[in-house]
Amino acid sequence: MIKFLDLQKVTAKYSEEIREAVRRVVDSGWYLQGEENKRFESDYAKYIGTRHAVGVANGLDALIWIFRAYVELGVMKPGDEVIVPANTYIASILAITENGLKPVLVEPKLDTYQIDDSLIEEAITPRTKAVLIVHLYGQCAYTDKIGELCKRHGLKLVEDNAQAHGCVYEGRKTGSLGDAAGHSFYPGKNLGALGDAGAVTTDDELLAETVRALANYGSTKKYVFKYAGRNSRLDEIQAAILDVKLRHLDEDVELRKLVARYYIENIKHPDIVLPKVDNWERHVFHIFPVRSGRRDELQRYLTERGVQTIIHYPIPPHKQECYKEWNGLSFPVTERIHAEELSLPISPVMTEVEVKEVVEIINAWD
Ligand SMILES: *Cc1c(COP(=O)(O)O)cnc(C)c1O
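First things first, this report covers the structure right here in the doc. (Residues numbered from 1 in each chain as written. Predicted model: local features only at pLDDT ≥ 70, side-chain atom pairs only at ≥ 80, totals over all residues. Heavy atoms only, no water.)

**Things to note about the pattern of salt bridges**
Phase 1 of the analysis: Going through the model one piece at a time under the given rule, you end up with 28 salt bridges.
Phase 2 of the analysis: For Arg 127, the salt bridge identified is with Asp 80, shortest N-O distance 3.5 Å. Here Arg 127 is found in the loop between β3 (102–106) and β4 (128–134), whereas its partner Asp 80 is found in the loop between α4 (59–72) and β2 (81–85), with 47 residues between them in sequence.
Phase 3 of the analysis: Taking relative accessible area as the criterion, Asp 80 reaches 1% and is therefore assigned buried.
Phase 4 of the analysis: Because the salt bridges share partners, they merge into one network encompassing Lys 77, Asp 80, Arg 127 and Lys 129. (Salt bridge = Lys/Arg side-chain N within 4 Å of Asp/Glu carboxyl O. Helix = DSSP H or I, 4+ residues; strand = E, 2+ residues; numbered from the N terminus. Buried < 20%, exposed > 50% of the residue type's maximum accessible area, 1.4 Å probe, protein only.)

Okay, here's the thing in structure tokens:
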């Protein structure tokens, strides 16, 4: 079988270095808020190109803490609006509603799956305080138009960079393009831990310090609590593992791109739409999404022939039970993407033979 993502193989590639890092932490006797966190935060900030990186427990918390920090700092208050793409993973939306803020869903473009920047301005109201862009599937969602709009309307620009570690826009990494960014290091992400982990990056020192406090019970000093925070820390073992994997991130991203390039150049089928890539720097292919009006049939066909695929995602946020109040809303482009999207296997450990086999099987589909 050709796996969607062979995590065992992904880890095995760096197993010696990972074991060495874990052993170092085990032997150190220091398991939280120590040197490993400091080193990873410093290396990750340098990689992304921001002044600060704050390690937190997971990617959802990273996004939650950014908005919570803005609320604590008086930049936003409950009831304020945040513009967000309608076709994102639920975590982007949860981070907004968790803080009593109101998500305003905006349709994506059908060809790139990224937020349609021509629809943002008409969604802005006097209550709008931020735009949360999501670099979905690993493709850069930022455009100069979005940056300019946010400046002109005095909005915070927040990035959900959970799927796009290593993505570059005009020489700058995603995660450094806005006011703050949330990163997930869920094991399956391009930069994945061996468990849950996340980070916030920003140039804003006050924001970074507020996030750091919120994720540590709201504490600014031992036993002094400025905010009613939570325990949402990154542990030393994960930080040590992430620092190892960060060193190999760029080469792994290049390997993903080789797979993507081969798919794009060789998959030829009238009922399959391939991803549109204008600029190869701006896509790190966390996911290789194709679309088909016969999606479910295609998935069944591939399963029968031993090719594992996943749908990202079967139900859009506005149709989820947890957001009943939106169930009646209509987002035709989003709904179409959710009805037609299928993600093909892609990873830095896929072999050439596997990639060729996937292409042959797809091209033979009738
Ligand atoms: C994975 C993901 C998250 C959440 O990250 P976790 O670490 O799983 O909490 C947020 N946003 C997007 C777009 C994601 O893909």
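From this point on, the discussion continues.
**Comments concerning the packing of helix α2 (residues 15–28) against helix α8 (residues 236–247)**
Phase 1 of the analysis: Two elements in contact, α2 and α8, have axes whose closest approach is 9 Å; the angle formed by their N-to-C orientations is 150°. In terms of their interaxial angle, α2 and α8 are classed as roughly antiparallel. The handedness of the crossing between α2 and α8 is right-handed. Contacts between α2 and α8 involve Glu 17, Ile 18, Ala 21, Val 22, Arg 24 and Val 25 on the former and, on the latter, Glu 236, Ile 237, Ala 240, Ile 241, Val 244, Lys 245 and Arg 247.
Phase 2 of the analysis: By residue class, the composition of the contact of α2 with α8 is eight nonpolar, no polar and five charged. (Axes fitted to C-alpha atoms, helices over the stretch in contact; angles between N-to-C directions. Parallel < 35°, antiparallel > 145°, perpendicular 65-115°, else oblique. Left-handed = near helix turned anticlockwise from the far one by under 90°. Contact = heavy atoms within 4.5 Å. Nonpolar A, V, L, I, M, F, W, Y, C, P; charged D, E, K, R; others polar.)

**Overview of the site of the ligand**
Phase 1 of the analysis: In the neighbourhood of the ligand, the contacting residues comprise Asn 58, Gly 59, Leu 60, Tyr 89, Ala 91, Val 134, Asp 160, Ala 162, Gln 163, Ser 184, Tyr 186 and Lys 189.
Phase 2 of the analysis: Within the side chain of Asp 160, one N or O atom sits 2.7 Å away from a nitrogen atom of the ligand.
Phase 3 of the analysis: In the environment of the ligand, an oxygen atom lies 3.1 Å from a nitrogen or oxygen atom belonging to the side chain of Lys 189.
Phase 4 of the analysis: Taking 380 Å² as the accessible area of the ligand by itself, protein coverage stands at 91%. (Near = heavy atom within 4 Å. Polar contact = N/O pair within 3.5 Å; in protein donor to acceptor, adjacent residues only side chain to side chain. Areas by Shrake-Rupley, 256 points an atom, 1.4 Å probe, with all protein chains shown as cover.)

**A closer look at the packing of aromatic side chains**
Phase 1 of the analysis: Scanning the entire structure with this criterion turns up twelve aromatic pairs.
Phase 2 of the analysis: With 5.2 Å between their ring centres and 35° between their planes, Tyr 89 and Tyr 313 make a pair best called tilted. Taken together, the positions of Tyr 89 in the loop between β2 and α5 (90–97) and Tyr 313 in the loop between α10 (295–304) and α11 (332–340) put the pair 224 residues apart, joining distant regions of the chain.
Phase 3 of the analysis: Taking the relative accessible area as the measure of exposure, Tyr 313 reaches 16% and is therefore buried.
Phase 4 of the analysis: One aromatic cluster in this structure is built from Phe 40, Tyr 44, Tyr 47 and Phe 185.
Phase 5 of the analysis: Between the NZ or CZ atom of Arg 261 and the centre of the ring of Trp 280, over which it lies, the distance is 4.1 Å. (Phe/Tyr/Trp six-rings, centres within 6.5 Å; stacked < 30°, edge-to-face > 60°. Lys NZ or Arg CZ within 6 Å of the ring centre and 35° of its normal.)

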